[in-house]
Amino acid sequence: MFALSLLRRSAITLAAALLLGGAALANSGPLVTTDWLEKNLSDPKVRIVEVSVEPGLYERGHIPGAQNVVWHTDLVDTVERDIAKPEKFQALARKLGLDKDVTIVLYGDSNNWFAAWGAWVFDIYGLRDNVKLLDGGRKKWELEKRPVSTNPLTAKASAFTVAEPNRKLRARLADVVATVEKKSEARVLDIRSADEFSGKIIAPAGFQELALRAGHIPGSVNVPWAQAVNQADGTLKSPEELKKLYANVGIDGSKPVITTCRIGERSSHTWFILSRVLGYQVANYDGSWTEYGNTVGLPISNPAGTVWGGK
Amino acid sequence: MSLSDESGALDYQRARETTMAAPAAVAERASGLSRGILAALGLTALLALAIIGIGRHGDPAPQLQLSLILGATFGFVIQRSRFCFLCIWRDWLDRRDPRGLLGIVTALAVGITGYTLIFGAWLPDPSGTRLPPTAHIGPVSLALVLAGLAFGAGMALSGSCLSAHLYRLGEGSPTAPFALLGAVGGFILGFQSWNGLYLWTIAGAPVPWLPRHLGYGGALATSLAVLAALAWLLLRKGSLPARPEPPRDPLVAVFRQRWPAWLGGLLVGLIGVAAYLRVSPLGVTAEIGSRSRQLAGAFELLPSRLEGLDSFRGCATVIRDTVLTPNGLFIAGLVAAALIAALAAGEFKPRRPTGGQALRGLSGGLLLGWGTVLGLGCTVGTLLSGISAGALSGWVFAAALGIGATATLKLGRWAGWPL
């Protein structure tokens, strides 16, 4: 009798180990599928974090068990133009129960735009390989009619210790100027729309014009960020397609890359693809055009010739 | 029999006297299917079709469809229960009849309780720097007081607040169209005076939210205690009129006779909670404000930038580039259902407006519109949805509005105006 129950128990343990092994395999890359996430919702080693652009979206219904991070207060310094300082990030990560020994799944609206930005900040502070994006984000989850919840959840706090900020992931103005002056071999990839890049317009429709000049950083190349996404369900294109998309403009991983946009947030989406999916060496320039284009005396490229928003 | 008096406002006392004098006129089911009831049935079918159509083709369908349903429910309830802030206030002022005010107290108590329930899920800890999403918690400034005073005066002049003008539109009121037209002008004046008042008093104003200071339990208990004290005061100082015989026929009770104010309040509170949970806080001015802004923009009557206006909670007037908006459908449903309710009750009595009614509507509407921009909402958006959300701004607006309405009524009557 005893032997039998022992046998049964070890069989269950074995099956569980196999299952868990399977789960670990399924999430070994930088992306997880909606299917995988729904199967692992109750896994105590999975933490789900929503980072959405639209305020109030999380509260009215989120992936069950997900916690909320508000990009414009939680992940930035609200006074200086900077990402959250290390102490602030550490406090947030501890409160959400995040650490290196759990799988952290980030997702959000607008094709994971700000979820990817969250992944960039997480990476700077030492949370990298265990941080995944939910492929397709909110869009795919909703399209597949998966359940959402509004119940609050309090995670058990972690003892996470923040790492020294990883400078290699973040480009500053000097790094970009070095590429313009040919003192650096890094390639600058601008992910804004073609009209912003050419200087026809300063900011996309509905956004404030925060730069005084139109155009782009000399020598930079342009691949609008949304080209990397399958419009139907918001998932990323296949690594082969992505590789080709960027190789077309000469970004092939042979040289370090700097991603840039208007304020450095859309570009983190492309940063995630190049850095985490394709494994290139990439830094995101969060100063972006609102810093570079506003700096006195720097050369710019302005093919459209727009000055002060007009000709 | 029409329950509306000359100024366009409902007179409870007159309605009651008529009811008591000739109970057959109101309390009886119409014999057979009258024209009004047939029209109401036809319109109900059309409304149902609109609800189904928007559910199929709307984008985003769930929000648009639900807004239309909630608007229709709200319109039906406020028409049936006469949920008109000015009439209720006049009943108290002129006759010490507390029933309407007790209805508002009921709506607020239900609203606060329901909002607290939702807040607990959406923002478990209220002590941080964050506010619950989209809840109408506004800045408390001198501009808010001015807005309340103007809004109160506009109510007294035009015969009711904006939400009541909308349901009166469904009753064929001669004043309501002019009041709504005047409100568009008031909105435009409001946008023009916004920047000055913003820099003078709104920009630096605090945005007090009771749960942040008292916790959810504390804020709920305090608010309910204040409302209980108000109810006690109303019952003590007021005089309840003799209770009329309740109708035996349930159809008459629902469709022909006026609902008691407490029932209206209860339902208004519940609709407010449902709207906050599923769409956005209850408000009736976002669409009118947004369209006025569009209009003003087209005629170059708008400042090139409205400082900070769109960053505040309340009835947002951001210009939308879609034809159908949730608030637009809410208003459409409100007016349609009020018309249906009025038709069924035999209260749809369109009349040709007199010059005095047009003038009072336009001038009162102007004040209503101006007060709505500066107060970031009206009796529904700022008072009801604000107080429900635990916002001090809701209470301040309510107090200022009471003072504005009372002073205008007294001064106007002294000057011989038919208010």
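Draft legend 1. Quick peek at the overall build of chain A. When its secondary structure is counted, chain A shows 11 helices and 11 strands. Relative to the globule expectation of 19 Å for 311 residues, the C-alpha radius of gyration of chain A, 21 Å, shows essentially globular dimensions. If one aligns the C-alpha atoms of chain A with their principal axes, the spans along those axes are about 90 × 40 × 40 Å. Counting over 311 residues, chain A shows a buried share of 39%.

Draft legend 2. Inspection of the overall build of chain B at higher detail. Across its full length, chain B carries 17 helices and zero strands. Relative to the 2.2 N^0.38 estimate, which gives 22 Å for 419 residues, the radius of gyration of chain B is 21 Å and therefore close to what a compact globule would have. In terms of overall dimensions, chain B has a C-alpha envelope of 60 × 50 × 50 Å along the principal axes. Scored against the burial criterion, the 419 residues of chain B give a buried share of 53%. The contacts in chain B between residues at least 6 apart in sequence include a share of 85% that link residues at least 24 apart.

Draft legend 3. Fine view of the sheet that holds strand β11 (residues 282–284) of chain A. All names here are of chain A. Read from one edge of the open sheet, four strands run β9-β8-β10-β11, paired in parallel fashion. In the strand order of this sheet, the two ends are held by β9 (221–222) and β11, each with one partner. Strand direction decides the pairing type here: strand β10 (residues 257–260) and β11, joined by three bridges, are parallel. Looking across to β11, one finds that Ile258 is bridged to Ala283.

Draft legend 4. The packing of helix α3 (residues 35–57) of chain B against helix α4 (residues 61–81) of chain B, seen in detail. Residue and element names in this part refer to chain B. One can describe the packing of α3 onto α4 by two numbers: an axis separation of 8 Å at closest approach and a directional angle of 160°. One element, α3, and the other, α4, form an angle in the roughly antiparallel class. Classified by chirality, the crossing of α4 by α3 is left-handed. Across from Leu47, Ala50, Ile51, Ile54 and Gly55 in α3, the residues of α4 making contact are Ala61, Leu64, Gln65, Leu68, Ile69 and Ala72.

Draft legend 5. Representation of the domain arrangement of chain A. Residues and elements named next belong to chain A. Here chain A is described as being made up of domain 1 (23–165) and domain 2 (168–292). Relative placement of domain 1 and domain 2: their C-alpha centres are 23 Å apart. Listed as interface residues are 19 residues of domain 1 and, on the opposing side, 17 residues of domain 2. Within the residue set of the side of domain 1 that touches domain 2, elements represented by two or more residues are α5 (109–124) and α6 (137–143). For the side of domain 1 that touches domain 2, the class distribution of residues is 11 nonpolar, four polar and four charged.

Draft legend 6. Examining the sheet that holds strand β3 (residues 67–68) of chain A more closely. All names here are of chain A. The strand order β1-β7-β6-β2-β3 describes an open sheet built from five strands, whose pairing is parallel. Pairing within the sheet leaves two strands with one partner each, and these edge strands are β1 (31–32) and β3. Of the pairings in the sheet, the one linking β1 to strand β7 (residues 131–134) comprises two bridges and is parallel in character. Bridge pairing in β7 links Val32 to Leu134. Running at roughly 175° to β7, α5 makes contact with β6 (103–107) and β7 of the sheet.

Draft legend 7. Structural context of the confidence of the model for chain A. Considering every residue of chain A, the mean pLDDT works out to 90; 91% of them sit at 70 or more. Here residues 16–25 of chain A is a poorly scored stretch, pLDDT under 50, and it has one contact once near neighbours within four places are set aside; other chains count.

Draft legend 8. Quick peek at the interface of chain A and chain B. Of the residues lining the interface, six residues belong to chain A; the matching set on chain B comes to five residues. Residue composition of the side of chain A that touches chain B, by class: two nonpolar, three polar and one charged.

Draft legend 9. Inspection of the packing of helix α8 (residues 162–169) of chain B against helix α14 (residues 326–345) of chain B at higher detail. Residues and elements named next belong to chain B. At a closest axis distance of 7 Å, the pairing of α8 and α14 adopts a crossing angle of 50°. Between α8 and α14, the angle falls in the class oblique. Across the interface between the two elements, Leu166, Tyr167 and Leu169 of α8 pack against Ile331, Leu334, Val335 and Ala338 of α14. Within the contact of α8 with α14, the residues separate by chemical class into seven nonpolar, no polar and no charged.

Quick notes on the rules
Residues numbered from 1 in each chain as written. Chains lettered and ligands numbered in written order. Predicted model: local features only at pLDDT ≥ 70, side-chain atom pairs only at ≥ 80, totals over all residues. Helix = DSSP H or I, 4+ residues; strand = E, 2+ residues; numbered from the N terminus. Rg over C-alpha atoms; globule rule 2.2 N^0.38 Å. Buried ≥ 20, exposed ≤ 12 C-beta atoms within 10 Å, placed from the backbone. Contact = placed C-beta atoms within 7 Å. Pairing = 2+ DSSP bridges. Axes fitted to C-alpha atoms, helices over the stretch in contact; angles between N-to-C directions. Parallel < 35°, antiparallel > 145°, perpendicular 65-115°, else oblique. Left-handed = near helix turned anticlockwise from the far one by under 90°. Domains from an automatic or database assignment. Nonpolar A, V, L, I, M, F, W, Y, C, P; charged D, E, K, R; others polar. pLDDT = per-residue confidence, 0-100.

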